[in-house]
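Listed below, chain by chain, are the residues.
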Protein chains: 2
Amino acid sequence: MAAKNRENGSQPTINDVARVASVSKKTVSRVINGSPLLNDDTRKRVQEVIKDLGYVPNPQARALALRRNFLIGLVHDNPNAQTVLKVQQGILEAIRDTEFELVVRPVDRGMVNMLEDIRQFLERQRLFGVVLMPPISENDSLAELCRQIGCRYVRMGSAELDQPGNMVASNDREAVRDAIRYLIEQGHSRIGFVSGPHGFRSALERRLGFEEALEQADLKLPRSMIADGNYTFDSGLLAAERLLDLSPRPTAIFASNDEMATGVLQAARRRGMDVPKDLSIVGFDDTPIASHIWPPLTTVRWPIATMARSAALKLTVSVTEGEQEVDEPSMFLSTLIRRGSVAPPPRD
Amino acid sequence: MAAKNRENGSQPTINDVARVASVSKKTVSRVINGSPLLNDDTRKRVQEVIKDLGYVPNPQARALALRRNFLIGLVHDNPNAQTVLKVQQGILEAIRDTEFELVVRPVDRGMVNMLEDIRQFLERQRLFGVVLMPPISENDSLAELCRQIGCRYVRMGSAELDQPGNMVASNDREAVRDAIRYLIEQGHSRIGFVSGPHGFRSALERRLGFEEALEQADLKLPRSMIADGNYTFDSGLLAAERLLDLSPRPTAIFASNDEMATGVLQAARRRGMDVPKDLSIVGFDDTPIASHIWPPLTTVRWPIATMARSAALKLTVSVTEGEQEVDEPSMFLSTLIRRGSVAPPPRD
DNA sequence: TTGTATGCGTTATCAT
DNA sequence: ATGATAACGCATACAA
């Protein structure tokens, strides 16, 4: 039973702290976890020893005892590198200088047993919580799964799919409506729309925004002015080719994300069209590429990093800050960034 | 002392397996860890029970007992989103369907106590190993730190900075030399060079490749044909403006990465120059943007994802595959991808 | 307010 | 070849 608790080159443990401070482990534990029932003197003394020894609690041991890790998971199946990385940056910013770490977990949306796969992941790693990125965040079964196994979660999305505590959303519909209005104000009346993939809530919301704007402006457009895309460059290029084959062809095209907008621009170039003189283009996301192409792309700035940061805060802040419960907003506004890819339509 | 080892809705533990299989915990542990000294019968029996019960070892408990986590860390300070994500994908591919998970850890290169920060991270989380991305991977002190605290590591880089077991490298110098040669073959003799940031090994290697190619072709260029960049779009744009202000100006520009090459293209456009008719451009990386801009960028394909995958394999495979020690290569070849941004120089 | 005994689920030691 | 028992470092229940 003789505790062998001297320092031997490895990190100090809670035992070392207890011995040096002449208190029990439990007291040290209380100090660490900020228990309210503690003599101020002892607390100070213990804290001093902790500092002296450079003690930091062993996360593995805590994880075992608490049956919960201090790991935040990022579950995603998003094909866009910029978006994924921005989300990571947002989360990392939120957990910087905390005990949390970020574990990334891409999943195959095609896989039949994807949900089972995620369950395994969550249960085995006993994550503190997960951030669910779109589009997989739109999957209600996944949220239900998290609830079942008692894993905190926050869903990111383009509409309020869950209660505020479990959701950070952007107002894609309104944002697109404003963007289309802007196009109409510029004089455009034949506006093409490149949609996102079927089944994506973001794709739906953006399209609804498009339709609402048209309706409010009493503009009737043929169905052919809507071309399907799937958020990739190539799909944007293809969709634009279909759109530009139309007669009369659109004088402006809204693409549901920047990558597709870049494809639209490419399609225009291949035809020798001048953007924005012959064709105006608007994108969505405001990824770096938007300002790096020529002409710089007018686009909707999607505050995805901020949303991710807020998501991580929602997950963790109630712990870090006691019961202060800083209210993180659950709705984030996208705004139109006007650059060089929009001009009035050419005269016929 | 009565073991309360019935299933109560939570996952089965090693005790459950032991009880059902009528063996001791240790025997089960031996089966899990593939101990050689085991009766084949018992092993089979235990494995069956494991399967029946759906038992999976608890990573937290293992981490505590082994004093090592089954977590792979990615330490990086790379500003390029595409590159970072490709590396993540490579690592994730390597550890897919294993017990490993990926923890990402960006660091501030500017921070004075960055090394101390990383040490804390490695020691506290007791990572199984880390993948070091460039440019921080070029920091020898960091490698030394890993060795000191006994954390496996693999460095990714543009030259062999470490022994093969701890290194995956690309042949940037040769690759750039070939690219410049190609430009020379096309008839260019005034070739501008946009460098990477000082202190980056990749920047140095690429520049050496440039100089070697010139030397071998007996081409002497004024110093002003080399402009400093720092791997960002804006720095590429600025560097190109300096280069294009020269008289006579270069007929081709090699940029040390794609993002800067995109900046060069932007600068050319702003002057109304036609690429590639008036100016040829070559980049480095082959990020998606290279094929999404117009004209598609001729660039050097840097197999960074493959390198990352190999790095993770080096870290983990000796464990997964017993002592088989599948030899992962430590040198990866970059190749020139010819697209539309290069043409013979304009006649004077 | 503080301490004792015990549990978390695994691996390591040293028997047999 | 297998098992009993003690770590691993922390947290919780219950005493004191």
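Definitions and cut-offs
Residues numbered from 1 in each chain as written. Chains lettered and ligands numbered in written order. Predicted model: local features only at pLDDT ≥ 70, side-chain atom pairs only at ≥ 80, totals over all residues. Heavy atoms only, no water. UniProt positions renumbered as here; feature names shortened; annotations may be inferred. Helix = DSSP H or I, 4+ residues; strand = E, 2+ residues; numbered from the N terminus. Axes fitted to C-alpha atoms, helices over the stretch in contact; angles between N-to-C directions. Parallel < 35°, antiparallel > 145°, perpendicular 65-115°, else oblique. Left-handed = near helix turned anticlockwise from the far one by under 90°. Contact = heavy atoms within 4.5 Å. Nonpolar A, V, L, I, M, F, W, Y, C, P; charged D, E, K, R; others polar. Buried area = accessible area lost by both parts, 1.4 Å probe. Salt bridge = Lys/Arg side-chain N within 4 Å of Asp/Glu carboxyl O. Polar contact = N/O pair within 3.5 Å; in protein donor to acceptor, adjacent residues only side chain to side chain. Phe/Tyr/Trp six-rings, centres within 6.5 Å; stacked < 30°, edge-to-face > 60°. Buried < 20%, exposed > 50% of the residue type's maximum accessible area, 1.4 Å probe, protein only. Lys NZ or Arg CZ within 6 Å of the ring centre and 35° of its normal. Expected span 1.5 Å × (residues − 1). Pairing = 2+ DSSP bridges.

Peer 1: Can you walk me through the UniProt feature "domain: HTH lacI-type" (unreviewed entry) in chain A in this structure?
Peer 2: The UniProt record marks residues 12-66 of chain A with the feature "domain: HTH lacI-type" (unreviewed entry), using the residue numbering of this structure. Secondary structure across residues 12-66 of chain A comprises 69% helix and 0% strand; the distance between its end C-alpha atoms is 20 Å.

Peer 1: How should I be thinking about the packing of helix α6 (residues 114-125) of chain B against helix α7 (residues 140-148) of chain B in this particular structure?
Peer 2: The description of two helices packed together rests on the angle between their axes and the distance between the axes. Residues and elements named next belong to chain B. At their nearest, the axes of α6 and α7 sit 11 Å apart, and the two run at 30 degrees to each other. When the axis of α6 is compared with that of α7, the two are roughly parallel. Handedness of the α6/α7 crossing: right-handed. Within the contact between the two elements, α6 uses Leu115, Ile118, Arg119 and Leu122 and α7 uses Ser141, Leu142, Leu145, Cys146 and Gln148. Grouping the constituent residues of the contact of α6 with α7 by class yields six nonpolar, two polar and one charged.

Peer 1: Would you mind showing me how to read the interface of chain B and chain A here?
Peer 2: Accessible area lost on assembly of the parts is the figure often given for the size of an interface. Facing the 42 residues of chain B at the interface are 42 residues of chain A. Summing both partners gives a buried area of about 4000 Å² for chain B against chain A, and 56% of it is carried by carbon and sulfur. For chain B, the biggest contributors to the area lost against chain A are B:Gln60, B:Arg124 and B:His292; these three give 18% of the whole. With its nearest N and O atoms 3.6 Å apart, the salt bridge here joins B:Arg96 to A:Asp108. Linking chain B with chain A are nine residue pairs in polar contact (both at pLDDT 80 or more). At the level of elements, α4 (59-66), α5 (81-95), β2 (101-106), α6, α11 (258-270) and α12 (288-292) of chain B are the ones that each hand at least two residues to the side of chain B that touches chain A. Within the side of chain B that touches chain A, the residues separate by chemical class into 20 nonpolar, 11 polar and 11 charged.

Peer 1: So what exactly am I meant to see when it comes to the packing of aromatic side chains here?
Peer 2: Evaluated as defined, the whole model comprises 14 aromatic pairs over all chains. With a centroid separation of 5.3 Å and 15 degrees between ring planes, the pair formed by A:Phe70 and A:Phe100 is classed as stacked. Pair noted here: A:Phe70 is in the loop between α4 (59-66) and β1 (71-76) and A:Phe100 is in the loop between α5 (81-95) and β2 (101-106), with a separation of 30 residues, a long-range link. Comparing A:Phe70 with A:Phe100, the two get one shared label, buried. Considering the side-chain rings of B:Phe193 and B:Phe210, the 4.6 Å spacing of their centres and the 25 degrees angle between planes classify their relative orientation as stacked. Of this pair, B:Phe193 sits in strand β6 (residues 191-195) while B:Phe210 sits in helix α9 (residues 201-216); the two residues are 17 residues apart in sequence, bridging distant segments of the chain. Its relative accessible area of 1% is what places B:Phe210 among the buried residues. Geometry around B:Phe284 places B:Arg206 over its ring, the cationic atom sitting 3.8 Å from the centre.

Peer 1: Please clarify how the pattern of salt bridges should be interpreted in this entry.
Peer 2: Note that side chains of opposite charge can pair when their charged atoms are close. Residue and element names in this part refer to chain A. Tallied over the entire structure, the rule returns 43 salt bridges over all chains. In this structure, the salt-bridge partner of arginine 147 is aspartate 162, at a minimum N-O distance of 3.9 Å. You can see arginine 147 sitting in helix α7 (residues 140-148) and its partner aspartate 162 sitting in the loop between β4 (152-157) and β5 (167-170), a full 15 residues away along the chain. Exposure remark for arginine 147: the relative accessible area of 44% places this residue in the partly exposed category. The network of salt bridges with common partners includes Asp140, Glu144, Arg147, Arg155 and Asp162.

Peer 1: Could you clarify how one ought to interpret helix α11 (residues 258-270) of chain A in this entry?
Peer 2: Residues three or four positions apart in an α-helix share a direction because the helix packs 3.6 residues into each turn. Residue and element names in this part refer to chain A. The end-to-end C-alpha distance of α11 is 18 Å, a good match for the 18 Å that 13 residues give at a rise of 1.5 Å each. The element α11 is extensively covered by neighbouring structure, given that 11 of its 13 residues are classed as buried. What α11 keeps buried is the set Asp258, Met260, Ala261, Thr262, Gly263, Val264, Leu265, Gln266, Ala267, Ala268 and Arg269. Glycine 272, located one to two residues past α11, shows a positive phi value of around 75 degrees.

Peer 1: Any chance you could explain the sheet that holds strand β7 (residues 226-228) of chain A here in plain terms?
Peer 2: All names here are of chain A. Here we have six strands laid out as an open sheet, ordered β7-β6-β8-β9-β10-β12, and mixed in their pairing. A single partner strand is all that each edge strand has here, and the edge strands are β7 and β12 (335-337). The sheet shows a mean angle of 20 degrees between the axes of neighbouring strands, taken without regard to direction. Here strand β10 (residues 298-301) pairs with β12 via three bridges, running antiparallel. Counterpart to arginine 301 in the pairing with β12 is threonine 335. The sheet strands contacting helix α9 (residues 201-216) are β6 (191-195), β7 and β9 (280-285), and the helix crosses β6 at an angle near 165 degrees. Docked against the sheet, α11 engages β6, β8 (252-255), β9 and β10, running at close to 160 degrees with respect to β9.

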